[in-house]
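Next come the chains, spelled out residue by residue.
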Amino acid sequence: GQRDVIRNLVIGLLANGNLLMEGLPGLAKTRAVKAMATNMDAGFSRIQFTPDLLPSDVTGTEVYHQVDGKGEFRFEAGPIFANIVLADEVNRAPAKVQAALLEAMEERQITVANTTHELPPLFMVMATQNPIEQEGTYPLPEAQMDRFLMHVYISYPDDAAEKAVIRLVRGETAPSGKAASSDREPIPQSAIFQARDEIAAVRIAEPMEDYIVALVAATRRPAVFSEDLAKYIQVGVSPRGSLALDKVSRAHAWLDGRDQVTPDDIRAVINDCLRHRIVPSFEAQADGVTTDDIVAMVVKLVAVA
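This one's a predicted model, so the numbers in the text were calculated from it and none came from an experiment.

Rules behind the numbers
- Residues numbered from 1 in each chain as written.
- Predicted model: local features only at pLDDT ≥ 70, side-chain atom pairs only at ≥ 80, totals over all residues.
- Heavy atoms only, no water.
- Salt bridge = Lys/Arg side-chain N within 4 Å of Asp/Glu carboxyl O.
- Helix = DSSP H or I, 4+ residues; strand = E, 2+ residues; numbered from the N terminus.
- Buried < 20%, exposed > 50% of the residue type's maximum accessible area, 1.4 Å probe, protein only.
- Expected span 1.5 Å × (residues − 1).
- Arc of directions from axis to C-beta.
- Contact = heavy atoms within 4.5 Å.
- Phe/Tyr/Trp six-rings, centres within 6.5 Å; stacked < 30°, edge-to-face > 60°.
- Lys NZ or Arg CZ within 6 Å of the ring centre and 35° of its normal.
- Lys, Arg positive; Asp, Glu negative; His and termini not counted.
- Polar contact = N/O pair within 3.5 Å; in protein donor to acceptor, adjacent residues only side chain to side chain.
- Axes fitted to C-alpha atoms, helices over the stretch in contact; angles between N-to-C directions.
- Parallel < 35°, antiparallel > 145°, perpendicular 65-115°, else oblique.
- Left-handed = near helix turned anticlockwise from the far one by under 90°.
- Nonpolar A, V, L, I, M, F, W, Y, C, P; charged D, E, K, R; others polar.
- 1 Å grid on protein atoms, 1.4 Å probe; cavity = no way out; pocket = protein on both sides within 12 Å on 5 of 7 lines; lining within 4 Å.
- Points joined across faces, edges and corners; volume = space filled by probe spheres on them.
- Pairing = 2+ DSSP bridges.

K.L.:
In this structure, what is going on with the pattern of salt bridges? I would like to understand it.
P.N.:
Pairing is possible between side chains that carry opposite charge, provided their charged atoms lie close to one another. By the definition in use, this model includes 17 salt bridges. A salt bridge links Arg46 to Asp88, with the nearest nitrogen and oxygen atoms 2.7 Å apart. Residue Arg46 is found in strand S2 (residues 44-48), and its partner Asp88 is found in strand S5 (residues 84-88); the two are separated by 42 residues along the sequence. What makes Arg46 partly exposed here is its relative accessible area of 42%. Residue Asp146 pairs with Arg240 through a salt bridge whose shortest N-O separation is 3.0 Å. In this pair, Asp146 is assigned in the loop between helix H5 (142-145) and strand S9 (150-154) and Arg240 in helix H11 (residues 239-255), connecting sequence segments 94 residues apart. The structure contains a network of salt bridges with shared partners spanning Glu106, Asp146, Arg147, Arg240 and Arg277.

Below, the structure written as C-alpha cells:
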C-alpha cells in the first residue's frame with residue numbers, strides 16, 4: 001500500500017541522493033530499505049542511532065596491531081562503508097554523531113586520523129526518524145536536513161493494504177515463504193549506473209528550468225508573490241533545492257518512459273524535494289500551517305513560463 005514510498009526510494013537511488021524517511025512506528029520504514037538492498041547486488045549496513053553512539057562507531061577508527069614485534073595503526077572501516085546505509089532513528093544520536101554522516105553524504109568520503117578514505121561508487125544514506133518522539137532526541141539541524149535529496153513522509157496504509165500486509169507477513173512465516181523470496185536474481189550495480197547515465201540524458205527545456213528557478217525564488221522572496229506566503233516563511237530554499245528538483249524530476253520522467261521533463265514531473269516531486277528545506281515562521285506554526293501547505297501555496301502562485 002506504499003507505492004509512492006517505493007517509487008521515491010527508487011528515485012532516490014537513481015538520482016544518486018540521500019533520503020530522509022519520516023513516519024510513525026511500525027510503518028515499515030526499515031523494512032522497505034532492507035527489502036530494496038536485499039534485491040540488489042549491493043552491500044547493506046544498518047546503524048541503530050542511540051544517545052551513547054560515538055562518531056567512530058559510524059566511520060570506523062584506527063586500531064593498533066602488533067605483528068612480529070612491530071606495531072602499527074590500521075584503519076578498521078565502520079558500517080558507513082557500504083553501498084546502502086540505513087541510519088535508523090537518526091535523530092536519537094547527538095550532533096557530533098550526526099555530523100559524522102555529513103562528509104559521507106556530501107563528499108562520499110570519510111576522514112579519520114588525517115587520512116581520507118573513499119566510499120564505494122554506489123553509496124546512499126537512508127535515514128529514518130519518528131515525528132512524534134521528543135524525549136531523548138536531537139533534532140536535525142537545517143544544514144544536515146539540506147543534504148538529504150528528498151524528505152519522504154510515510155502514512156498509514158488503507159484498509160485493503162493493511163489486509164495485504166497481514167497476508168504477506170503470514171506467508172513469510174510459512175515454510176515456503178523464505179525460499180520463494182531467495183529465488184530472485186539480485187539487480188547488478190551496473191544496471192543502476194546505466195540507468196543513471198540514461199537519466200542524465202533526459203532533456204529539460206529552458207522554460208522548465210525557469211519554472212524550477214521561479215518556484216525556489218518564491219520561497220526566498222515570498223512578499224513578491226503573496227502577503228500570506230511572506231508571513232509563513234522564515235528561511236527559503238537553498239540552491240540544493242533547485243538541484244534536487246532538476247535531478248529528481250528527470251528521474252521521475254525517466255521512470256515514466258519519457259526523455260523530457262514536463263511541469264507535471266516537477267510538481268510530482270516538489271513536496272519531497274522542498275518540504276525539509278523551508279523553515280516556517282512562528283506564525284505558520286501558530287496557525288498550524290505545515291511546510292507542505294507552504295509548498296502548495298508556492299505551486300499555486302507560480303505560473304509555468
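K.L.:
Help me out: how do you make sense of helix H8 (residues 189-200) in this one?
P.N.:
Since the α-helix packs 3.6 residues into each turn, any two residues three or four apart lie on the same face. The end-to-end C-alpha distance of H8 is 17 Å, a good match for the 16 Å that twelve residues give at a rise of 1.5 Å each. Those residues of H8 not exposed but buried are Ile192, Ala195, Arg196 and Ile199. The buried side chains of H8 occupy one side of the element, clustering within an arc of 100° when seen end-on. Elements in contact with the buried residues of H8: helix H1 (3-14) and H11.

K.L.:
What am I meant to see in the packing of aromatic side chains here?
P.N.:
Here the structure, examined in full by the defined rule, presents two aromatic pairs. Taking 5.2 Å as the distance between ring centres and 65° as the angle between the ring planes, the aromatic pair formed by Tyr64 and Phe73 counts as edge-to-face. Classification of Tyr64 as partly exposed rests on a relative accessible area of 48%. A ring pair is formed by Phe75 and Phe81, whose centres lie 5.7 Å apart and whose planes are at 70°; its orientation type is edge-to-face. Over the ring of Tyr153 we find Arg275; its NZ or CZ atom is 4.2 Å from the centre of that ring.

K.L.:
Looking at this model, I keep getting lost on the side chain of Arg108. Mind explaining?
P.N.:
Considering the arrangement of structural elements, one finds Arg108 in the loop between helix H4 (95-107) and strand S6 (109-112). Here Arg108 sits buried without a salt bridge, and the closest side chain of opposite charge, Glu106, lies 7.5 Å off (N-O distance). At 3.1 Å, the side chain of Arg108 and the backbone oxygen of Asn16 are in polar contact. Engagement of the side chain of Arg108 in a polar contact is seen with the backbone oxygen of Met105, the distance being 3.4 Å.

K.L.:
Before we go on, may I ask you to explain the packing of helix H9 (residues 206-220) against H11 in this structure?
P.N.:
The description of two helices packed together rests on the angle between their axes and the distance between the axes. The contact between H9 and H11 brings their axes to 10 Å, and the two run at 150°. One element, H9, and the other, H11, form an angle in the roughly antiparallel class. Our pair here, H9 against H11, has a crossing hand that is right-handed. For the pair H9 and H11, contact is made by Ile212, Val216 and Arg220 and by Pro239, Gly241, Ser242, Leu245 and Asp246, respectively. Taken together, the residues of the contact of H9 with H11 break down into four nonpolar, two polar and two charged.

K.L.:
Before we go on, may I ask you to explain the layout of surface pockets in this structure?
P.N.:
Over the atoms, a rolled probe matching the size of one water molecule traces out where space is still vacant. The calculated volume of the second largest pocket comes to roughly 700 Å³. Around the second largest pocket, the lining is made up of 25 residues, and of these Glu22, Gln129, Met145, His151 and Tyr153 lie nearest the centre. Here the lining of the second largest pocket is built from residues that sort into ten nonpolar, eleven polar and four charged.

K.L.:
I would appreciate a short explanation of the sheet that holds S9 in the present structure.
P.N.:
Whenever strands of a sheet pair, they do so through backbone hydrogen bonds, lying parallel or antiparallel. As summarised here, the arrangement of the five strands in space is S2-S5-S8-S1-S9, forming an open sheet in which the pairing is parallel. Of all the strands in the sheet, the pair left with one neighbour each is S2 and S9. Going from strand to strand, the sheet's axes swing by 20° on average, the running direction of each strand aside. Direction of pairing for S5 relative to strand S8 (residues 124-129): parallel, over a ladder of four bridges. By the bridge assignment, Ala87 is partnered in S8 with Ala127. Sheet strands in contact with helix H2 (residues 29-38) are strand S1 (19-23), S2, S5, S8 and S9, and its direction is about 170° off that of S5.

K.L.:
Help me out: how do you make sense of the pairing of strand S3 (residues 60-67) in this one?
P.N.:
Here is the key point about a regular strand: its side chains alternate between the two faces of the sheet. As defined by bridge partners, S3 adjoins strand S4 (residues 70-77) across eight bridges and the pair is classed as antiparallel. Bridged to Val63 within S4 is Arg74. Counting the residues in the hairpin turn of S3 and S4 gives two residues, including Asp68, whose phi is positive at 55°.

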